[in-house]
Every structure is written in structure tokens, then in C-alpha cells.
Amino acid sequence: MQVLVTGGLGYIGSHTSVLLLEKGYDLVIVDDLSNSNEKVIENISQITSKVPVFEKIDLKDKESVSKLFNNYDFDGIIHFAAHKSVNESVNYPDKYFKNNVGSLENIIYEIQKLKKPMNFIFSSSCTVYGQADSMPINEGFELKKAESPYGQSKRKCEEILENFHKAGHNFKNITLRYFNPIGAHPTSLIGELPIGIPENLVPYITQTAVGKRDHLTVFGNDYDTNDGTCVRDYIHIMDLAEVHITCLEKLMNIKDNSFFNVYNVGTGKGTSVLELINLFENVNQLKLNYKIGKRRDGDVVIAYADTSKIKNELNWTTKYSLENALKTAWNWELNINKNE
Ligand code: UD1
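Residues numbered from 1 in each chain as written. Predicted model: local features only at pLDDT ≥ 70, side-chain atom pairs only at ≥ 80, totals over all residues. Heavy atoms only, no water.

Caption draft 1: Structural view of the packing of aromatic side chains. For the coordinates displayed, the defined rule picks out 5 aromatic pairs. Each ring, one from F69 and one from F74, has its centre 5.4 Å from the other, and the planes form 85°; the classification is edge-to-face. Look at F74 and you get buried, because its relative accessible area is 3%. On the basis of an interplanar angle of 45° and a centroid distance of 5.6 Å, the ring pair of F120 and F171 is categorised as tilted. Placement of F120 in strand β5 (residues 118-125) and of F171 in strand β6 (residues 171-178) is noted, with a sequence separation of 51 residues between them. Across the pair, F171 and F120 agree in class, each one buried. (Phe/Tyr/Trp six-rings, centres within 6.5 Å; stacked < 30°, edge-to-face > 60°. Buried < 20%, exposed > 50% of the residue type's maximum accessible area, 1.4 Å probe, protein only. Helix = DSSP H or I, 4+ residues; strand = E, 2+ residues; numbered from the N terminus.)

Caption draft 2: Focus on the environment of L279. With respect to the element layout, L279 can be found in helix α9 (residues 273-284). Taking the C-alpha atoms as reference points, L279 and L326, separated by 47 residues in sequence, lie 7.8 Å from one another.

Caption draft 3: Spatial organisation of the pairing of strand β8 (residues 216-219). Burial of β8 is one-sided: the residues L216 and V218 facing one way are buried, the residues T217 and F219 facing the other way are not. Across 4 bridges, β8 lies against strand β13 (residues 290-293) in parallel orientation. Bridge pairing in β13 links L216 to Y290. (Pairing = 2+ DSSP bridges.)

Caption draft 4: The arrangement of the nonpolar core in detail. Within the largest apolar cluster, 40 residues are counted, with the highest numbers of intra-cluster contacts made by L20, L176 and V265. Ranked by residue count, the leading element in this core is helix α8 (residues 237-253), at 9 residues. Not counting residues within four places of it along the chain, the set of residues in contact with L176 comprises I121, F122, S123, S124, S125, V243, H244, C247, Y263 and V265. Judged by nonpolar contacts, the second largest core, of 24 residues, contains V30, L59, I77 and F120. (Core = buried A, V, L, I, M, F, W, Y, C linked by side-chain atoms within 4.5 Å. Contact = heavy atoms within 4.5 Å.)

Caption draft 5: Quick look at the sheet that holds β5. Overall, parallel pairing links the 7 strands, which are arranged β3-β2-β1-β4-β5-β6-β11 in an open sheet. Each end of this open sheet is capped by a strand with a single partner; those strands are β3 (53-56) and β11 (260-265). Neighbour-to-neighbour, the strand axes of this sheet turn through a mean angle of 15°, independent of strand direction. The pairing of strand β2 (residues 26-31) with β3 spans 4 bridges and is parallel. Residue pairing across strands places V28 opposite V53, the latter belonging to β3. Sitting on the sheet, helix α6 (residues 149-166) touches β5, β6 and β11, and the angle it makes with β5 is about 155°. (Axes fitted to C-alpha atoms, helices over the stretch in contact; angles between N-to-C directions.)

Caption draft 6: The arrangement of the packing of helix α3 (residues 62-71) against helix α5 (residues 93-111) in detail. At their nearest, the axes of α3 and α5 sit 9 Å apart, and the two run at 40° to each other. Looking at the two axes, α3 sits oblique to α5. In this structure, α3 meets α5 at a crossing whose hand is right-handed. Residue-level contacts link K62, V65, S66 and F69 of α3 to N106, I107, Y109, E110 and I111 of α5. (Parallel < 35°, antiparallel > 145°, perpendicular 65-115°, else oblique. Left-handed = near helix turned anticlockwise from the far one by under 90°.)

Caption draft 7: Just the state of the cysteines, in detail. Overall, the coordinates contain 0 disulfides when judged by the stated rule. In this model C157 remains outside any disulfide bridge; the closest cysteine sulfur is found in C126, 16 Å from its own. Judged by its relative accessible area of 1%, C157 is buried. Free of any disulfide, C247 has its nearest cysteine sulfur in C126, 16 Å distant. Residue C247 is classed as buried on the basis of its relative accessible area, which comes to 0%. (Disulfide = S-S within 2.5 Å.)

Okay, structure coming up:
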């Protein structure tokens, strides 16, 4: 079975590629290297003892996408490739729509020319829910206006997929709304590789602990939560990678050629920023230099998933602990620091 993994050298893409290779899938990894490093291929190969095909392609370019589909005969596609910086998207909204929406449109255009039903998994985000009115968030919740162009681009992509499905094309789709992925592969050979100053909490924590940043700022401690800091649903990257295998197998085995579904992917458990910091300190036996600062614009207060749909329908649950995620995140940081 040949699977196209777009954005396969990125954080979620690389971990998923490892599991796919270990499961025996033939991979074609496509990445434009705009937010990743070609060396990741070597590390994927070191973990799996397999060498996936790699194509450096800009998916915004219609002709390149067309060539890609002419050169291969994919049985499945996992579409990770997207820009993901909320901050950057506010300053360069156009870049986000062109890339995140444009790439999907080019891929869809090729899929509709195919004679067989395509198995397609799309990476969405819990950001599409905005600040939900109650917790936990289930897939039936109304989607709120996204705070950022990044969030809007993800919503737009979801709409495109839904319309494509409604139009009755030969197309099986699962859209996954990820909560907050953290942690790294147990070998410390792959992990999150933020370029520049990290926006997300865990890479900021590990970079502070290792001395790359002076201190972490906790964005607000006056929210209406147990300890005043925001609450998120942090999911281990290995669990998140695994859910793609479950979904791909589901799509490949299902007879219904117009299967279409959306699932939350989280742990179902909310953790505050301070709880996460304390756990990081305990698990890794160190002290983190952090200060309480102002709220960050656009932050939702609380977001954690209702995971019953994916559990009931796909029999999938998380296996890894938050402690393990924070341990592997730290080991990964130590490993990249050693090599720098
Ligand atoms: C962010 C994005 C979300 C995206 C997700 C991808 C925003 C508003 N949302 O989610 O759209 O899908 O990343 O992973 O950026 N925090 C600090 N100090 C820091 C960094 C973060 O206190 O230096 C806090 C934040 O206020 C938040 C929590 O840590 O409460 C998690 O932040 P982050 O990792 O950026 O994730 P999200 O905000 O949930």
C-alpha cells in the first residue's frame, strides 16, 4: 500500500511516517522544507531501517502536484502540510490562505480525476471550536469564528472537504481535530523542531530548561480556572501518530466509498499551565525559571476533548502518559542541544 504523507518531515508527520513504515506501508513523503529539515529523513530511516521516498514539492504549485499524482499510484493520503504559526498568520494572513487552503485545493483537484476512491486523512485542529461554551468539547459543538487566519484556514479546509464529500466524489475522508501534541519519539531521534522562538508551551519550557531562553512567561494567572492559568488537553505525539494508522486502516477496510467523519484527538483530560510546569519539574528533576506575565491575545481559557466518539467508533484511546510526554520532550531537547 502506497501512502502519500504531505508535511512528512514536520513534527506530527515525521512521527506518523515512522509508524507507517514500521507497519509496512510504502511511503512517499512530500515536504517543501519551509519549516522542517531534510535531515529528518535520515533519522526516520535510522529508527525504521527503511528509506522512504522523499519529494521536495511546494503543494501550492498546481503543476508539481499534478506531476506527483501522475508519477505515483497512492492508496492513501495523509495531509499534514500546512503553516501553523498563529502569530505569523495574523501578520501574513494571505500566506496562510494561499498555502493551507491552496495546497488542499490542488490535491483535491487531482483526487477527483482518479478512477478509484481515495482514502484521505486531514489534519485539523481544536482551534476550529474557538472558546467552546462548555467542556469537554465534542464534535457536534458549533464551530466558532476562528481567532486567527491560521484557525480560519483550517475551518476553510474542513468546509472544502465537506463540500467535496457532499458533491458525491469517490472519496473517503477522516478529519482529525488535534488538541495539543507534545513529547517526542522514545529514541529522541525525532521531535518538535521549532524554528526561531517557540510559540507553543512545551518547546518553550524545554528551551528554557536547557538555557536557550532565560525564562518562561506564563501567559496570565487570573483566568477562571483552578489555579488561574489556562487549561489544555496535551496529547503524546506517539498517540497522535498512532491514531493516523487506525484511521487509515479504517478507511482502507470500509466499503462505503463516501465515508466522511470528523474526530477529536485528545486525552479528554485538562491540564493547566502551572500543573504542566510542576509535572515537568518533577518528572525531570529540575527547576524551571518562570514568571507570571500578561494574558496572550487570542488564547482560549479552557479546551479539552470529549474523546468518546473516536473511542466508540474506532476503538481508539491514548496509551502514553503526560509524564512520558514531558520526559521525552526533555530528552529530545537534550539530544538536539548535544548536536548543535
Ligand atoms: C496554539 C494555537 C492553536 C494551534 C496550537 C498548535 C494560539 C492562540 N493557539 O494552541 O491555534 O492549533 O497552538 O499546537 O496560539 N503558554 C504560556 N507561555 C508560553 C507559551 C504558551 O503560558 O510561552 C500557555 C498559553 O497561554 C496556553 C498554553 O500555554 O494556555 C498552551 O499554549 P500553546 O502551546 O501555544 O497552545 P495553544 O494556545 O493551545
